[in-house]
Amino acid sequence: MTRPTSHSLAACLAAGVLTTAACGGGATAPGGAAAGATTTVTLDGSSTVFPISEAVAEEFQKAHATIRVTVGISGTGGGFQKFCRAETDISNASRPITAKETEACAAAGVQFIELPIAYDGIALVANPKASWVDAITTAELKTMWAPEAQAAVTRWGQVRKGWPDRELHLFGAGVDSGTYDYFTQAVNGKEGASRGDFTSSEDDNVLVQGISSDELAIGFMPYAYYAENKAALKLVPVDDGKADNGAGPILPSVETVKGGTYQPLSRPVFIYVSVQALAKPEVVQFVDFYLKAGGALAEEVGYVPLGDKGYELVTAHYTGRKTGSVFEHAGSQVGLTIEQLLSRESR
Amino acid sequence: MAVSLKASRSSAGRRRMDVVFQVAALAVLVAALAGLGALIGDVWRDGAGRLSWTFLTTFPSRRAEQAGIYHAIVGSLYVIALTAAMALPIGVASAVYLEEYGGRSRTARFIELNIANLAAVPSIIYGLLGLGLFVRALGMGRSVMAGAGTLALLALPVVILSTREALRTVPSTIREGSYALGATKWQTIWHQVLPMALPGILTGLILSLSRAIGETAPLITIGALTYIPFAPDSVWSAFTVLPIQIFNWVSRPQVAFKENAAAGILVLLALLLTMNALAIVVRDRFQRKGRP
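Residues numbered from 1 in each chain as written. Chains lettered and ligands numbered in written order. Predicted model: local features only at pLDDT ≥ 70, side-chain atom pairs only at ≥ 80, totals over all residues.

Chemist: Quick question: what am I supposed to make of the overall build of chain A here?
Modeler: When you go through chain A residue by residue, the secondary structure sums to 13 helices and 11 strands. In chain A, 73% of the contacts between residues at least 6 apart in sequence involve partners at least 24 apart. (Helix = DSSP H or I, 4+ residues; strand = E, 2+ residues; numbered from the N terminus. Contact = placed C-beta atoms within 7 Å.)

In structure tokens form, the structure reads like this:
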């Protein structure tokens, strides 16, 4: 009775070992060879920039079958960590690189070229039933979102006289997201400074759900999420109180974001290219392609392309191999277009 | 006797209690299954329309209706096969040592305690360990190998614990009989104990691999990719897995990507069920043969 058992067990384990060997050993050899034969371009970083880089990679792949382009999502910060260890060629970023990250890059000998590639508008949205909100000023936004507002500003009536004395329900992007960083910088003047008692989610679809099912809700999210849910949400125009970039409340749209009149809630997004990686011809080819096709593809996946002048300046920036960040580590610059930023830098 | 009878209720009351408990247990089971059924039904409604041969055999795309999942299926299969190949021998060997050789020594008990604790560590911690150990220290890069190594670490505690439980269920009479016939300790373990314990070992392996195949966090941490226009062709290749692709699609703003995500969930479920069914078939074969 026990004999066949022991044999079959031995056979099973032997088979197991064999498959392991077949699995591991068999595949290792071609793997080692493949790594040398095909060339790869590796990107990682922000999930906001991912759709643009994915689209560019997809199109690039069609023309260059032998070059493999891969894109990861580890967040802007996580992406820079890998980038500054020279583990990736290009880093996707929804905010400028920080001083600390630049130091880490410098310590590892990684130099980079900063290339703005598109704008992302942050949409302010309310529930369609909230008939009283037809526009909002940046001052009112600050009243709502300032750190001091925590537990103090809890009713619509406290934000503007004439709005109903009903509960105010705030929704916003998760505190680890670049969207949150930029929003707090633009509204409260300091990155990461805001009240903590609002409903936040890293998944913007959750915000869409929340706001569309709550009459008393208002919140912010990347424009693309509003664009896909126009029926369920009401877009609120923002008045920055300055007349020189368009007076009165302004709605986000391709024109207003590109033209710099939808302020302060539109921001540039970037790719950072490692100078060392540009020694590889496939990376040069890919970045060239990115700058040429990136604008149209960004628009296709829901972002706002830079103006023609913008791409001209970015391309000049790239061909001149200008390293470093135009932001000088001061964080996001609110209210400047890429054209203004880049020409300031090249001055 | 008289005391215990006095304490308990009448015979009819006890029988009623029996029925009540039976009904309650059934109700809990039905509620749990109904919840699961509703979830699967919902996913099916969203995703069934996207399931097609093209979906299964193409690569990701920015256009939801052109996007496929081939790369992620191959990636998941690669990773899970390697994970099993690493976790099974190491896990079984560790358990055999602890159970058969380690005895009650202080060291063995210390190791045992630590393994039990490891089983409860959040998976992202394994991701960080994998990033430091496999990706960077051992220079594996963001490869299938590094991903499988990380998941094998994640699976090991459960494999070890369940193997030990399985070894304990082997009656001591079997061991003693084997020794009495002159077999050495190793011969006893290899020819008698392990075959009898195999069904339990495989159950543990199924449970831990089922957890591993659905993991996202540790693989994102070690740098599994999201856009990858090719299927991994070796253990050193870059890769992605189904849960990561699903996660990416779910978080997209476009509704069409949510259908893709639902279809991806169905594929992952099918893969998981196939894997478990296979393991159960193998287990049952051994269960029948292993009976002395």
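The structure having been displayed, the exposition proceeds.
Chemist: Is there a simple way to think about the overall build of chain B in this case?
Modeler: On a plain count of helices and strands, chain B comes out with 12 helices and zero strands. Listed N to C, the secondary structure of chain B is α-α-α-α-α-α-α-α-α-α-α-α in terms of helices and strands. For chain B, whose C-alpha radius of gyration is 24 Å, the value lies well above the compact-globule estimate of 19 Å for 292 residues. Along the first, second and third principal axes, the C-alpha atoms of chain B reach 75 × 55 × 35 Å. Counting only contacts in chain B whose residues sit at least 6 apart along the sequence, the fraction spanning at least 24 positions is 75%. (Rg over C-alpha atoms; globule rule 2.2 N^0.38 Å.)

Chemist: What should I look at first to understand the nonpolar core in this one?
Modeler: Across soluble globular proteins, you tend to see nonpolar side chains buried next to one another. Counting 160 residues, the largest nonpolar core has Ile 52 of chain A together with Ala 155 of chain B as the members making the most contacts within it. Looking at this core, the element that brings in the most residues is helix H7 (residues 144–168) of chain B, giving 16 residues. Filtering out sequence-adjacent residues up to four positions away, Ala 155 of chain B remains in contact with Thr 83, Ala 87, Ser 208, Leu 209 and Ala 212 of chain B. (Core = buried A, V, L, I, M, F, W, Y, C linked by C-beta atoms within 7 Å. Buried ≥ 20, exposed ≤ 12 C-beta atoms within 10 Å, placed from the backbone.)

Chemist: Before we go on, may I ask you to explain helix H2 (residues 11–47) of chain B in this structure?
Modeler: An α-helix turns once every 3.6 residues. As a result, residues three or four positions apart point the same way. Compared with an ideal rise of 1.5 Å per residue, which puts 37 residues at 54 Å, H2 of chain B spans 54 Å between its outermost C-alpha atoms and is within 8% of the ideal. For H2 of chain B, a buried count of one out of 37 residues is recorded, marking the element as mostly open to its surroundings. (Expected span 1.5 Å × (residues − 1).)

Chemist: Where do I start with the environment of Gln 150 of chain A in this structure?
Modeler: By the secondary structure assignment, Gln 150 of chain A is in the loop between helix H5 (138–145) and helix H6 (156–159). The partly exposed category is assigned to Gln 150 of chain A, around which 14 C-beta atoms lie within 10 Å.

Chemist: What is the right way to read the confidence of the model for chain B from this model?
Modeler: Low pLDDT means the predicted atomic positions in that stretch should not be read closely. Of all residues in chain B, 95% have pLDDT values of 70 or greater, and the mean over the chain is 87. With a pTM of 0.79, the predicted complex shows an ipTM of 0.74. (pLDDT = per-residue confidence, 0-100.)

Chemist: Can you walk me through the packing of helix H6 (residues 123–137) of chain B against H7 of chain B in this structure?
Modeler: In a packed pair of helices, the relevant descriptors are the angle between the two axes and the axis-to-axis distance. Residue and element names in this part refer to chain B. Axis separation between H6 and H7 bottoms out at 9 Å; the angle between their running directions is 135 degrees. Taken together, the axis directions place H6 and H7 in an arrangement best described as oblique. For the pair H6 and H7, the sense of crossing is right-handed. Side by side, H6 and H7 meet where Ser 123, Tyr 126, Gly 127, Leu 129, Gly 130, Phe 134 and Val 135 of the first sit next to Ala 146, Gly 149, Thr 150, Leu 153 and Leu 154 of the second. A class-by-class count of the residues in the contact of H6 with H7 yields seven nonpolar, five polar and no charged. (Axes fitted to C-alpha atoms, helices over the stretch in contact; angles between N-to-C directions. Parallel < 35°, antiparallel > 145°, perpendicular 65-115°, else oblique. Left-handed = near helix turned anticlockwise from the far one by under 90°. Nonpolar A, V, L, I, M, F, W, Y, C, P; charged D, E, K, R; others polar.)

Chemist: It is not clear to me how unusual backbone geometry should be interpreted in this structure. Could you clarify?
Modeler: Most peptide bonds adopt trans geometry, and most residues besides glycine take a negative phi value. Residues and elements named next belong to chain A. Along the chain, Gln 263 connects to Pro 264 via a cis peptide bond; the corresponding omega equals 0 degrees. Within the secondary structure, Pro 264 is located in the loop between helix H10 (254–258) and strand S11 (266–274). One non-glycine residue, Ala 151, adopts positive backbone phi at about 60 degrees. Note that Ala 151 resides in the loop between H5 and H6. Given 9 C-beta atoms within 10 Å, Ala 151 falls into the exposed group.

Chemist: Where do I start with the pairing of strand S6 (residues 169–173) of chain A in this structure?
Modeler: Successive residues of a regular strand alternate their side chains across the two faces of the sheet. All names here are of chain A. For S6, the tally of buried residues reaches four of five residues, placing the bulk of the element in the interior. Here three bridges tie S6 to strand S8 (residues 217–222), and the two strands are oriented parallel to one another. Within S8, the position partnered with His 169 by the bridge is Ala 217. Once the chain exits S6 it traverses helix H7 (residues 178–188) before rejoining the sheet at strand S7 (residues 199–201), and the crossover so formed is right-handed. (Pairing = 2+ DSSP bridges. Right-handed = clockwise from strand over helix to strand, strands pointing away.)

Chemist: Explanation requested: the confidence of the model for chain A in the structure shown.
Modeler: All names here are of chain A. Summarising the model, chain A shows a mean pLDDT of 82, and 85% of its residues fall at 70 or more. Summarising per-element confidence for chain A, the mean pLDDT is lowest in helix H1 (residues 2–37) (38) and highest in strand S3 (residues 90–93) (93). The low-confidence segment residues 1–36, where pLDDT is below 50, has 36 contacts with residues more than four positions distant or belonging to other chains.

Chemist: Please clarify how the environment of Phe 55 of chain B should be interpreted in this entry.
Modeler: All names here are of chain B. Looking at the secondary structure, you find Phe 55 in helix H3 (residues 53–57). By the C-beta count within 10 Å, which is 19 here, Phe 55 ends up partly exposed. For Phe 55 and Asn 260, which are 205 residues apart along the polypeptide, the C-alpha to C-alpha distance reads 8.8 Å. Excluding residues that lie within four positions of it along the chain, Phe 55 makes contacts with Arg 50, Gly 68, Ile 69 and Ala 263.

Chemist: Hey, could you run me through H5 of chain A in this one?
Modeler: All names here are of chain A. Leu 141, Met 144 and Trp 145 are the residues of H5 that are buried. Within H5, the buried residues cover an arc of 80 degrees as seen down the axis, which keeps them to one side. On the buried face of H5, the contacting elements are strand S5 (136–137), H6, S6 and H7. (Arc of directions from axis to C-beta.)

Chemist: When you look at the domain arrangement of chain A in this model, what are you seeing that I'm missing?
Modeler: It is common to report an interface's size as the accessible area lost on association of the parts. Residues and elements named next belong to chain A. By the assigned domains, chain A splits into domain 1 (39–119 + 267–346) and domain 2 (121–258). Placing a centre on the C-alpha atoms of domain 1 and another on those of domain 2 gives a separation of 28 Å. On the side of domain 2, 15 residues touch domain 1, which itself brings 15 residues to the contact. Classifying every residue of the side of domain 1 that touches domain 2 gives four nonpolar, nine polar and two charged. (Domains from an automatic or database assignment.)

Chemist: Explain the pairing of strand S4 (residues 112–126) of chain A here, please?
Modeler: All names here are of chain A. Counting buried positions over the 15 residues of S4 gives 15, a clear majority of the element. Note that S4 and S11 share nine bridges and pair antiparallel. Directly across from Asp 120, in S11, lies its bridge partner Arg 267. Sheet topology places S4 next to S8; five bridges connect them, and they run antiparallel. Looking across to S8, one finds that Ala 123 is bridged to Met 221. In this sheet, strand S9 (residues 234–235) lies alongside S4 in antiparallel orientation, the contact comprising two bridges.

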